[in-house]
Amino acid sequence: MRQTVKALKPMIEGFIETNGELSLKRTLKSGQAFRWRLTNDGTDWVGVVRNTHVVQLTQQPDGKHIHYRVLNGHEDNDHNQEIKPTVKGRKRLKTSDESDGENPKDQYFYSQLISDYLRLDVNLTDLYDKWSKSDDKFAAIAVNMSGVRVLRQNFAETLFSFICSSNNNINRIEKMIETLCQKYGKVLYESHPELGTIHSFPEITRLAEESVEPELKKLGFGYRSAFIHRSAKTICDEYKCPEKWSQELAQMPYSEARQALQRLPGVGPKVADCIALMALNHLESVPVDVHVFKIAQHMYLPHLKKNKSLTHKSYQEIGDFFRSKFGPNAGWAQAVLFCADLKQFKQ
DNA sequence: CAGGTC
DNA sequence: TCTGG
């Protein structure tokens, strides 16, 4: 019964093996996702996976496992019909009164969900080795920058998050996205002791409503207010089913997807590349921001030092250089170098 | 000046 | 160019 499930507040948790190939801090707090928060005196990360599941992740002392806990129930969960709240203790054995197969099935579902989000299927050791062999500079940086992963994120959240990112800093981007979720998202989890009520990211159809632009202006979104509303409206008008469109963009060749994305207001080359890399599985996409521009100038392409700012031509040149150096997953290599360049990860 | 875009 | 440090 649904009421029973709600009342019992199912607690699903377990461990996922990472083979030492995941740094939660470097992955969740390196500016690709903006909604993960450190809680419990700096030990646990809390965020939203697949825009439905409020998940708490903890890096284990052995460095080779993460513990996960799904904090919210199963309202609006269309993946499973009914899940019995059988998991309480860690690695608890099944008791005789529990029906066979239910508990492992749930754990499998959630560990798969989280592993998919973190792209744990990708062997990061192999990638780091390959990139280090083809570039000494990368190798020198990578030894102190292990476990940087490119997340597999939602399309809509990535799109509107990076529209907000233009000419902006990470702190303010996080605040703006939180505002979007609180104002237009649905409640996923109520009254977290440190984070308060946790909301989903808004539906595109919600952001397409006429009232959104003036409301966002009032909330301090500046010129991004119009970009957000007009992009949402364009998607709803032209593509009807946003989910289907994102699947089509993922199927297209990278350059075509990039071109299609740039038809949206507020989406230029850099934002389009972020979406392609983080939400459409186009791992050859190399978003070139000021950080990557400086990295390219100092480490690889010294002739660009004469350029004061990024031009269309130098943008293309840097992306092509990364792809020629690091291959089909160049965007991921860029993410590692970018992470190393952020203030918070220096030394 | 901050992870650009029109 | 919006806006906050």
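- Per an unreviewed UniProt entry, chain A carries the name N-glycosylase/DNA lyase and comes from Medioppia subpectinata.
- Reading the Catalytic activity (unreviewed entry) entry of the UniProt record for chain A gives the comment "2'-deoxyribonucleotide-(2'-deoxyribose 5'-phosphate)-2'-deoxyribonucleotide-DNA = a 3'-end 2'-deoxyribonucleotide-(2,3-dehydro-2,3-deoxyribose 5'-phosphate)-DNA + a 5'-end 5'-phospho-2'-deoxyribonucleoside-DNA + H(+)".
- Turning to chain A, the UniProt record has this under Subcellular location (unreviewed entry): "Nucleus".

## What about the protein's contact with DNA strand C?
Stage number 1. Residues in close proximity to DNA strand C include Asn167, Arg172, Gly220, Gly222, Tyr223 and Arg224, which together make up its full environment.
Stage number 2. Close to the protein, within 4 Å, the atoms of DNA strand C belong to sugar or phosphate groups at a rate of 50%.
Stage number 3. One of the side-chain nitrogen or oxygen atoms of Arg224 is found 2.6 Å away from a base oxygen of DNA strand C.
Stage number 4. Tallied by class, the residues present in the surface near DNA strand C amount to one nonpolar, three polar and two charged.

## Re the environment of Val150
Stage number 1. Tracing the backbone through its elements, the reader meets Val150 in the loop between helix 5 (136–142) and helix 6 (155–164).
Stage number 2. Between the alpha carbons of Val150 and Ala279 there is a distance of 9.7 Å; along the sequence they are 129 residues apart.
Stage number 3. Ignoring sequence-local partners within four residues, the contact set of Val150 consists of Gln32, Arg119, Leu277, Leu283, Trp332 and Ala335.

## Concerning the protein's contact with DNA strand B
Stage number 1. The local shell around DNA strand B holds 26 residues, among which Ser30, Gly31, Gly266, Lys270 and Val271 are the closest.
Stage number 2. Sugar and phosphate atoms represent 60% of those atoms of DNA strand B found within 4 Å of the protein.
Stage number 3. At 2.6 Å, a backbone N or O of Ser30 approaches a base oxygen of DNA strand B.
Stage number 4. For the surface near DNA strand B, the elements supplying multiple residues, two or more each, are helix 13 (269–279) and helix 14 (290–300).
Stage number 5. Broken down by element, the surface near DNA strand B gets its largest block of residues, four residues, from helix 13.
Stage number 6. Considering only residue class, the surface near DNA strand B consists of twelve nonpolar, eleven polar and three charged.

## Describing the UniProt feature "domain: HhH-GPD" (unreviewed entry) in chain A
Stage number 1. UniProt annotation of "domain: HhH-GPD" (unreviewed entry) refers to residues 164–335 when read in the numbering used here.
Stage number 2. In the segment residues 164–335, helix accounts for 60% and strand for 6%; the C-alpha atoms at its two ends are 19 Å apart.

## Regarding the packing of helix 14 against helix 16 (residues 330–341)
Stage number 1. Axis separation between helix 14 and helix 16 bottoms out at 10 Å; the angle between their running directions is 95 degrees. The pairing of helix 14 with helix 16 is recorded here as roughly perpendicular in orientation. For the pair helix 14 and helix 16, contact is made by His291, Val292, Ile295 and Tyr300 and by Gln334, Leu337, Phe338 and Asp341, respectively.

What counts as what
Residues numbered from 1 in each chain as written. Chains lettered and ligands numbered in written order. Predicted model: local features only at pLDDT ≥ 70, side-chain atom pairs only at ≥ 80, totals over all residues. Heavy atoms only, no water. UniProt positions renumbered as here; feature names shortened; annotations may be inferred. Near = heavy atom within 4 Å. Polar contact = N/O pair within 3.5 Å; in protein donor to acceptor, adjacent residues only side chain to side chain. Nonpolar A, V, L, I, M, F, W, Y, C, P; charged D, E, K, R; others polar. Helix = DSSP H or I, 4+ residues; strand = E, 2+ residues; numbered from the N terminus. Contact = heavy atoms within 4.5 Å. Axes fitted to C-alpha atoms, helices over the stretch in contact; angles between N-to-C directions. Parallel < 35°, antiparallel > 145°, perpendicular 65-115°, else oblique.

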